[in-house]
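In case you want the letters, here they are:
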Amino acid sequence: MSLLRRIYFLIACCIIYSSASYAQDPYENVVQINGVTMTADSLRAVPGVTVMLKNKYRGVESSFSGVFSIVAYKGDTLQFSGVGYRSKEYIIPKTVKGHYFTMIQLMTQDTFYLPETIIRPMPSKQQFEYAFRHWHIADDKLEIARKNTNAMTLRALAYTMPRDGRENQAVYQSMQAQKAVYYGQAAPMNIFSPTSWAEFYEAWKRGDYRRRK
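All chains use their own residue numbering, which begins from 1 and follows the written sequence. Predicted model: local features are reported for residues with pLDDT of at least 70 only, side-chain atom pairs are reported and counted for 80 or more only, and whole-chain, interface and lining totals are derived from all residues. Think of the side-chain values as coming from all heavy atoms in the structure, minus any hydrogens and water.

K.L.:
Help me out: how do you make sense of the packing of aromatic side chains in this one?
P.N.:
We describe a pair of aromatic rings using the distance from one ring centre to the other and the angle between the two ring planes. Pairing of aromatic rings covers Phe, Tyr and Trp, the last through its six-membered ring, and needs centres within 6.5 Å; plane angles under 30 degrees mean stacked, over 60 mean edge-to-face, and all others mean tilted. All told, the structure shown has five aromatic pairs when counted by the stated rule. Seen from their ring centres, tyrosine 90 and phenylalanine 101 are 6.4 Å apart, and the 15 degrees between their planes marks the pair as stacked. Pair noted here: tyrosine 90 is in strand β6 (residues 85-91) and phenylalanine 101 is in strand β7 (residues 100-107), with a separation of 11 residues, a long-range link. You can call phenylalanine 101 buried: its relative accessible area is 17%. When the centroid spacing of 6.3 Å and the interplanar angle of 25 degrees are considered together, the rings of phenylalanine 128 and phenylalanine 132 count as stacked. Residue phenylalanine 128 and its partner phenylalanine 132 are located together in helix α2 (residues 125-134), separated by four residues, close to a single helical turn. Burial here depends on accessible area, computed with a 1.4 Å probe over protein chains only, as a share of the maximum for the residue type. Under 20% is buried, over 50% is exposed, and the range in between is partly exposed. Look at phenylalanine 132 and you get exposed, because its relative accessible area is 66%. In this description a helix means any DSSP run of H or I spanning at least four residues, a strand means any run of E spanning at least two, and both kinds are numbered starting from the N terminus.

Below, the structure written as structure tokens:
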């Protein structure tokens, strides 16, 4: 019986130890990496470098001073990429002690080769004059903004565009206010106004209504 008790005790200890180590593994493998991206030749800070965790679709971007910080697991692979620099990879060592790790990543400049551009003059002076006079060159953003803010253009748009809700409400309220002045009585008509008839008679004497050749 003593032998069986020892065997049971050893099995229980193994189970407890394995469960404890399994529970501690996720926290023990987490590490926060603080680093700086610099040029390999002059040790200057490289801003805007993308630091990605390989096959995990998660990453950060280095600041203006080249400083970056990211949380990963021990054994993960960091991918460094930047415009004008060669891509680099760095494997986080599994033997890192603690939860913090600092590093300096040196970036090597990459050379881009663009296709050649051939600039040729106009074939003749007459063709250059014709192109200078008749070719239409698209306006830049500043010229487009000037045309859009022209006083005549804005006035034409104001006459052609329909009224919005606020303007319609103002016109309706003005009409209601004019009707409220003669509320309960008949509104006056200009056909019975002596002043209007006097103005019509004076205009008729002056010959304003004569047919002009």
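Now that the structure has been shown, we can carry on.
K.L.:
I'm lost on the side chain of aspartate 76 in this one. Help?
P.N.:
Its place among the elements puts aspartate 76 in the loop between β4 (67-73) and β5 (77-82). Two N or O atoms count as a polar contact when they lie within 3.5 Å, although within protein this holds only if one can serve as hydrogen donor and the other as acceptor, and sequence-adjacent residues are included solely when both atoms are side-chain atoms. In terms of polar contacts, aspartate 76 uses its side chain to reach the side chain of lysine 56, at 2.9 Å. Contact partners of aspartate 76, with chain neighbours within four places excluded, come to Leu53, Lys56, Tyr90, Ile91 and Ile92. Whether two residues touch is decided by their heavy atoms; if any such pair falls within 4.5 Å, the residues are in contact.

K.L.:
Just to check I follow, could you spell out unusual backbone geometry for this structure?
P.N.:
Trans peptide bonds make up the majority, and among non-glycine residues the majority have a negative phi. One non-glycine residue with positive phi stands out, namely leucine 43, at about 55 degrees. For leucine 43, the location among the structural elements is in the loop between β1 (30-39) and β2 (50-53). A relative accessible area of 52% means that leucine 43 is categorised as exposed. Although it is not a glycine, tyrosine 57 adopts a positive phi angle of roughly 55 degrees. Within the secondary structure layout, tyrosine 57 lies in the loop between β2 and β3 (58-61).

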